[in-house]
Amino acid sequence: MITRSNLAEQLREYQIRSKHDWASVSFFSSTSNLTSSRVDVVVFVIWELLILAFLVFSAVSLYFGNMRLAFILVCITLLLLLCMRITKQVRLARKKKRRMLLPLSM
């Protein structure tokens, strides 16, 4: 017997199988199995490049013997990483909420 819940489950399975997975959005990501839009991918690549740049600058300042600057840059990097995680969780929560509000079209 075909019920609405069976159709919804089949639709979810079909969407999971047929979704276009982007490359892993983030090296720091623990949720790469969720679909991401191109905008999300671009935003998180920019975040990662910024974090990588701060890590490189801290290594260079450490090489030149400036411990205080290296420590400050590492702290900024950790704050950026934390902001990236929070931003990602907020976006995913917003997407889930938006999906739950939409009716299931047959």
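Chemist: In this structure, what is going on with the overall build of the protein chain? I would like to understand it.
Modeler: Across its full length, the protein chain carries three helices and zero strands. Mapped from its N terminus to its C terminus, the protein chain presents α and β elements in the order α-α-α. When burial is assessed residue by residue, the protein chain has 19% of its 106 residues classed as buried. Considering only residue pairs separated by 6 or more positions, the protein chain has 57% of its internal contacts joining residues 24 or more positions apart.

Chemist: Would you mind going over the packing of aromatic side chains with me for this structure?
Modeler: For any pair of aromatic rings, the description rests on two quantities: the centre-to-centre distance and the angle between the ring planes. In total, this model carries one aromatic pair according to the counting rule given. Taken together, a centroid distance of 5.3 Å and an interplanar angle of 70 degrees make the contact between tyrosine 63 and phenylalanine 64 edge-to-face. Judged on exposure class, the residue tyrosine 63 and its partner phenylalanine 64 are both exposed.

Chemist: Would you explain the UniProt feature "transmembrane region" (unreviewed entry) in the protein chain in this entry?
Modeler: Mapped onto the present numbering, the UniProt feature "transmembrane region" (unreviewed entry) falls at residues 41-63 and 69-87. Between the first and last C-alpha atoms of residues 41-63 the distance is 33 Å; the span itself is 100% helix and 0% strand.

Chemist: What's the story with a nonpolar patch on the surface in this structure? I'm lost.
Modeler: A cluster of nonpolar side chains, contributed by Val45, Leu49, Leu52, Val56, Phe57, Val60, Tyr63 and Phe64, occupies part of the molecular surface with about 870 Å² of accessible area. Within the fold, phenylalanine 64 resides in the loop between helix 2 (38-63) and helix 3 (67-101).

Chemist: Where do I start with helix 2 in this structure?
Modeler: Count 3.6 residues to each turn of an α-helix, and residues three or four apart come out pointing the same way. Given a rise of 1.5 Å per residue, 26 residues ought to cover 38 Å, and the 37 Å separating the end C-alpha atoms of helix 2 matches this to within 8%. Within helix 2, the full set of buried residues consists of Asp40, Val41, Phe44, Trp47, Glu48, Ile51, Ser58 and Ser61. Summarising the contacts, the buried residues of helix 2 are in contact with helix 3. Of the residues flanking the end of helix 2, it is glycine 65, one or two places downstream, whose phi is positive at about 85 degrees.

Procedures and definitions
- Residues numbered from 1 in each chain as written.
- Predicted model: local features only at pLDDT ≥ 70, side-chain atom pairs only at ≥ 80, totals over all residues.
- Heavy atoms only, no water.
- Helix = DSSP H or I, 4+ residues; strand = E, 2+ residues; numbered from the N terminus.
- Buried < 20%, exposed > 50% of the residue type's maximum accessible area, 1.4 Å probe, protein only.
- Contact = heavy atoms within 4.5 Å.
- Phe/Tyr/Trp six-rings, centres within 6.5 Å; stacked < 30°, edge-to-face > 60°.
- UniProt positions renumbered as here; feature names shortened; annotations may be inferred.
- Patch = residues over 30% accessible without salt bridge, like charges linked within 9 Å, V, L, I, M, F, W, Y side chains within 5 Å.
- Areas by Shrake-Rupley, 256 points an atom, 1.4 Å probe, with all protein chains shown as cover.
- Salt bridge = Lys/Arg side-chain N within 4 Å of Asp/Glu carboxyl O.
- Expected span 1.5 Å × (residues − 1).

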